[in-house]
Amino acid sequence: MSTTGNSVACEGMYSQLIDDEGHRPDVGHGARPVSGVRLISRVSSPGPYRLATMCLATLCAVLLISIIAVTAHYKNKPQGGGEATPEIQKQTQDAEVTALLANISKLQQEKTQLQKEKDELQTKLDAKAATKAPKVIQSTTKAPPPPIVCPDDWHLFNNSCYFISRNTRDWPESQSYCQSQGGYLAMIHTAEEQTFLWNLLPRGHWNAFWFGITDEQTEDKWVWVDKTPLVGGFWEVGEPNNHINEDCGYIVKTRVLERVAIRSWYDAPCSMYCRFICEKEMGPGASTAIPH
Ligand SMILES: [Ca+2]
Ligand SMILES: [Ca+2]
């Protein structure tokens, strides 16, 4: 250690001082010798160098001890707060776990409360739905429309009533009569409707019945009484032929059984007096407009 070295150095210095007794460096061989009493006196009494050496040695020892003590102190001192840190950390963790458990317990209570409220609301909702159900049933079970009842001597087919006249009129008068009854000369759009009317007509030698078709406005441009154009039709073979300025249509049902419904239309002069077929729509959605 440096202390030992210092001690040696100090001892060497002291020995040098002793060796120098009687031979002071600043005294040459030719100098006057010193007396023995004076030398002993110098050796036994501590000089300023020896005292300084001792003080220095003491200071070195104190310094060394201080360094060792400080080093040992900091070496044994635990890092980051000492030996209690793990305990503090454990306590902190325990506190955090306790807080988390308390929070979980609180959330579970809130969840239970919310579930209870949800069940109550669901119960109320079901109750309201149950009370509304009869209303829905009522709204979907509308009363059926009243059955269509045709006047006497009128015959029902789909949503229309049909009248087969017994008297005869020309075509314009026939249309006027039908209008006076709230209808119009029959407009026949389907084979089913044609067949239905055909079955109502009595057979005869030349039983002819006006219905609601004419080409009076434009020759060979047949239109219904509501001004809609004819599409197709159930004309007899060779008809319409406008043989004698024939601008109105009628249905002929003879006694010849081979004549059929779908080939029974003829054109004829509108001034002829014939029986006729009236039609009027009935029920909801029926047109109140009377074709002219
Ligand atoms: Ca014609
Ligand atoms: Ca004809």
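Because the structure is a prediction, the values reported are computed rather than measured.

Protein ligation of the calcium ion (ligand 2) involves Glu239 (OE), Asn241 (OD1), Glu246 (OE), Asp267 (O) and Asp267 (OD), the donor distances falling in the range 1.8 to 2.6 Å. Along the chain, the residues donating to the calcium ion (ligand 2) are arranged with the sequence spacing E-x1-N-x4-E-x20-D.

Right, let's talk about the coordination of the calcium ion (ligand 1) for a bit. Summarising the metal site, the calcium ion (ligand 1) is bound by the protein donors Asp215 (OD), Asp215 (OD), Glu219 (OE), Glu219 (OE), Asn242 (OD1), Glu246 (O) and Asp247 (OD), whose distances to it range over 2.2 to 2.8 Å. Site description for the calcium ion (ligand 1): donor spacing in sequence, D-x3-E-x22-N-x3-E-D. Highlighted residues: Glu219 in the loop between β4 (207-214) and β5 (223-224) and Asn242 in the loop between β5 and β6 (248-253), separated in sequence by 23 residues. Residue class for Glu219 comes out partly exposed when judged on its relative accessible area of 39%. Judged by relative accessible area, Asn242 falls into the partly exposed class, the value being 24%.

This part covers the side chain of Lys280. Here Lys280 lies in strand β8 (residues 275-281). Lacking a salt bridge, the buried Lys280 has Asp152 as its closest oppositely charged neighbour, with an N-O distance of 11 Å. In terms of polar contacts, Lys280 uses its side chain to reach the backbone carbonyl oxygen of Gln181, at 3.3 Å. Residues within four places of Lys280 in sequence aside, it is in contact with Pro151, Trp154, Asn159, Ser160, Cys161, Gln181, Gly182 and Gly183.

Applying the stated criterion across every chain yields a total of 3 disulfides. Here Cys150 connects covalently by a disulfide to Cys161, the sulfurs 1.8 Å from one another. Because the torsion about its S-S bond is -85 degrees, the bridge between Cys150 and Cys161 counts as left-handed. Here Cys150, found in the loop between α4 (85-140) and β1 (154-157), pairs with Cys161, found in strand β2 (residues 160-164); they are 11 residues apart in sequence, far enough to count as distant. Both residues of the pair, Cys150 and Cys161, count as buried. Each sulfur of the disulfide joining Cys248 and Cys270 lies 1.9 Å from the other. Between Cys248 and Cys270, the S-S torsion sits near 95 degrees, and that sign places the bridge as right-handed.

In this model, Glu239 is joined to Pro240 through a cis peptide bond whose omega is -5 degrees. By the element assignment, Pro240 lies in the loop between β5 and β6. Here the phi dihedral of Asp220 falls at roughly 70 degrees; this positive angle occurs in a residue that is not glycine. For Asp220, the location among the structural elements is in the loop between β4 and β5. Its identity is not glycine, yet Lys227 carries a phi of approximately 75 degrees, on the positive side. Position of Lys227 relative to the elements: it lies in the loop between β5 and β6. A relative accessible area of 59% places Lys227 in the exposed class.

Looking now at a nonpolar patch on the surface. A grouping of Val97, Leu101 and Ile104 is seen on the molecular surface, where their side chains present a nonpolar patch of about 270 Å² in accessible area. Secondary-structure assignment places Val97 in helix α4. With a relative accessible area of 45%, Val97 lands in the partly exposed category.

Moving on to the confidence of the model for the protein. Within the protein, residue pLDDT values average 81, and 74% of them lie at 70 or more. Below pLDDT 50 for its whole length, residues 1-44 participates in 16 contacts with residues either more than four positions away or in separate chains. Low pLDDT, under 50, characterises residues 288-292; the stretch is placed with 12 contacts to residues that sit more than four places away or in other chains.

Let us now look at the packing of aromatic side chains. Applying the stated criterion across every chain yields a total of 14 aromatic pairs. Summarising the aromatic geometry, the rings of Phe163 and Tyr177 are spaced 6.0 Å apart at their centres and angled 35 degrees between planes, so their arrangement reads as tilted. Of this pair, Phe163 sits in strand β2 while Tyr177 is found in helix α5 (residues 171-180), placing the two residues 14 residues apart along the sequence. The class of Tyr177 is partly exposed, set by a relative accessible area of 24%. In textbook terms, an aromatic cluster arises when at least three aromatic residues are bridged by ring pairs, as seen for Phe211, Trp222, Trp224, Phe234, Trp235 and Trp265. Lying over the aromatic face of Trp198, Lys253 brings its terminal NZ or CZ to 4.9 Å of the ring centre. Positioned above the aromatic ring of Trp154, the side-chain terminus of Lys280 is 4.6 Å from the ring centre.

Calculation notes
- Position labels on residues start from 1 in each chain and follow its written sequence.
- Key to labels: chains lettered from A, ligands numbered from 1, both in the order written.
- Per-residue local features of the predicted model are confined to residues with pLDDT of at least 70, and side-chain atom pairs are confined, for both listing and counting, to 80 or more; whole-chain, interface and lining totals are unaffected and use all residues.
- Working from all heavy atoms in the structure, the side-chain values ignore hydrogens and water.
- Only nitrogen, oxygen and sulfur atoms qualify as donors, and only when within 2.8 Å of the metal (3.2 Å in the case of Na, K and Ca); with water excluded, sites may look incomplete.
- Under the scheme used here, helices are H or I runs from DSSP no shorter than 4 residues and strands are E runs no shorter than 2 residues, and both carry numbers assigned from the N terminus.
- With a 1.4 Å probe rolled over the protein chains alone, any residue whose accessible area is under 20% of its type maximum counts as buried; one over 50% counts as exposed, and the rest are partly exposed.
- Charge counting follows a simple rule: Lys and Arg are positive, Asp and Glu are negative, and His as well as the terminal groups are ignored.
- Salt bridges are identified by distance alone: a Lys or Arg side-chain nitrogen within 4 Å of an Asp or Glu carboxyl oxygen.
- Polar contact criterion, stated in full: a pair of N or O atoms within 3.5 Å, where within protein one must be able to donate a hydrogen and the other to accept it, and residues adjacent in sequence count only if both atoms are side-chain atoms.
- Every residue pair with non-hydrogen atoms within 4.5 Å of one another is taken to be in contact.
- Cysteine sulfur atoms that pair up within 2.5 Å are treated as a disulfide.
- Only residues whose relative accessible area exceeds 30% and that take part in no salt bridge are eligible for patches, with like-charged residues grouped when within 9 Å of each other and nonpolar side chains (Val, Leu, Ile, Met, Phe, Trp, Tyr) grouped when within 5 Å.
- Using the Shrake-Rupley algorithm and a 1.4 Å probe, accessible areas are obtained, with residue cover drawn only from the displayed protein chains.
- The predictor attaches a confidence to each residue, called pLDDT, with possible values from 0 through 100.
- Here a Phe, Tyr or Trp ring, Trp counted by its six-membered ring, pairs with any other such ring whose centre lies within 6.5 Å, and the pair is stacked when the planes are under 30 degrees apart, edge-to-face when over 60, and tilted otherwise.
- In this scheme, Lys NZ or Arg CZ marks a charge over a ring once it lies within 6 Å of the ring centre and within 35 degrees of the ring normal.

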